[in-house]
Amino acid sequence: MANVKLAVIFYSMGGTNYQLAQWAAEGARETGAEVKVLKVEELAPQSVIEGNEVWKNTVEATKDVPVVTSADVEWADAIIFSVPTRFGNMPSQMKQFLDTQGGLWATGKTVNKVVSAMTSAQNPHGGQEATLLSLYTSMMHWGAIIATPGYTDPVLFGAGGNPYGTSVTVGQDGKMIEDVQAAVKHQAKRTVTVAEWVKKGQQ
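Residues numbered from 1 in each chain as written. Predicted model: local features only at pLDDT ≥ 70, side-chain atom pairs only at ≥ 80, totals over all residues. Heavy atoms only, no water.

(A) Here's a closer look at the UniProt feature "domain: Flavodoxin-like" (unreviewed entry) in the protein chain. Residues annotated by UniProt as "domain: Flavodoxin-like" (unreviewed entry) correspond here to residues 6-192. A distance of 7 Å separates the end C-alpha atoms of residues 6-192, which is 42% helix and 17% strand. (UniProt positions renumbered as here; feature names shortened; annotations may be inferred. Helix = DSSP H or I, 4+ residues; strand = E, 2+ residues; numbered from the N terminus.)

Right under this line is the structure:
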């Protein structure tokens, strides 16, 4: 059987979710998956980005990362999303991308994609679970198969124990407070494993 094809799709303003996406890609590749790391299109005006040093640095650091397209969604057997929270919701940049996938959805090309999601916030109760649920709501409409980490490995407890998806708190210094690298890799491997089951079942 051909390897699982995984798209890791992220939006990152401060660099955290870009790092989470890279860790997810590492974990998935360790299982033999074929992985694409992709960013959603930035919607903020350049003048606003230029006025924020951290944001500007993240844009520079991710300038060579391809912007995700509908073709990438169609290509993927599995998708891992990584986004910061915006008032308990996904950022508008990710929402716009999802909202423009109506063509794929209408032709059944989002059905049975195995999906999972990760997030970050400045506070432990800053809307992390609600943000993941906002993404998963869209995935239910897609007919996707949601593969959350649950409590499938002890490593998740050291990362804050979020069964909806890995989430991390980011301090005022811009650094992650919890050590979530192992949890992210576990979540990626679990997503790929579930996608393998689905792929085999469809053959």
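(B) Region of interest: helix α7 (residues 128-142). A rise of 1.5 Å per residue sets the reference length of α7, with its 15 residues, at 21 Å; its end C-alpha atoms lie 22 Å apart and thus fit the reference within 8%. Looking at α7, one finds that the buried residues are Q128, T131, L132, S134, L135, Y136, S138, M139 and W142. Positive phi shows up at G143, right after α7, with a value of about 75 degrees. (Expected span 1.5 Å × (residues − 1). Buried < 20%, exposed > 50% of the residue type's maximum accessible area, 1.4 Å probe, protein only.)

(C) Expanded view of the pairing of strand β3 (residues 78-84). Extensive coverage of β3 is indicated by the burial of seven of its seven residues. Both faces of β3 are covered, namely the face carrying A78, I80, S82 and P84 and the face carrying I79, F81 and V83. The pairing of strand β1 (residues 5-10) with β3 spans five bridges and is classified as parallel. Of the residues in β3, the one forming a bridge with L6 is A78. (Pairing = 2+ DSSP bridges.)

(D) Quick peek at the pairing of strand β4 (residues 114-121). Counting buried residues along β4, eight of its eight residues qualify, which places the element largely inside the surrounding structure. Of the two faces of β4, both are covered, the one formed by V114, S116, M118 and S120 as well as the one formed by V115, A117, T119 and A121. When β3 meets β4, the two strands line up parallel, connected through seven bridges. Its bridge partner being in β4, S82 is matched across the sheet by M118. Across two bridges, β4 lies against strand β5 (residues 145-146) in parallel orientation. Note that in β5 the partner of V114 across the bridge is I145. The parallel pair β4 and β5, bridged by α7, forms a crossover whose chirality is right-handed. In terms of strand pairing, β4 meets strand β6 (residues 167-169) through three bridges, oriented parallel. Within the sheet, the bridge partner assigned to A121 lies in β6 and is T169. (Right-handed = clockwise from strand over helix to strand, strands pointing away.)

(E) Just the environment of V180, in detail. Mapped onto the elements, V180 comes out in the loop between β6 and α9 (181-201). You can call V180 buried: its relative accessible area is 0%. C-alpha of V180 to C-alpha of L156: the two residues are 24 residues apart in sequence and 8.0 Å apart in space. With near-sequence residues (within four places) excluded, V180 lies in contact with L20, W23, A159, T166, S167 and V168. (Contact = heavy atoms within 4.5 Å.)

(F) Spatial organisation of the packing of helix α1 (residues 16-30) against α9. Relative orientation of the contacting elements α1 and α9 amounts to 50 degrees, with a least axis distance of 7 Å. As summarised for this structure, α1 and α9 are arranged oblique, according to the angle between their axes. Along this stretch, α1 crosses α9, giving a crossing that reads as right-handed. Packed against α1, whose contacting residues are L20, W23, A24, E26, G27, A28 and E30, the element α9 presents Q181, V184, K185, A188, K189 and V192 at the interface. Residues that form the contact of α1 with α9 fall into these classes: seven nonpolar, two polar and four charged. (Axes fitted to C-alpha atoms, helices over the stretch in contact; angles between N-to-C directions. Parallel < 35°, antiparallel > 145°, perpendicular 65-115°, else oblique. Left-handed = near helix turned anticlockwise from the far one by under 90°. Nonpolar A, V, L, I, M, F, W, Y, C, P; charged D, E, K, R; others polar.)

(G) Quick look at the environment of V65. Tracing the backbone shows V65 in the loop between α3 (53-61) and α4 (70-75). Note on V65: relative accessible area 11%, which makes it buried. Spatially, the C-alpha atom of V65 lies 11 Å from that of Q22, the residues being 43 residues apart in sequence. The residues touching V65, leaving out its near neighbours within four places in the chain, are F10, Y18, V37, L38 and K39.

(H) Looking closely at the side chain of T62. In this structure, T62 sits in the loop between α3 and α4. A residue is classified by how much of its surface remains accessible, and T62, at 6% relative accessible area, is buried. Aside from chain neighbours lying at most four places away, what touches T62 is F10, Y18 and K39.

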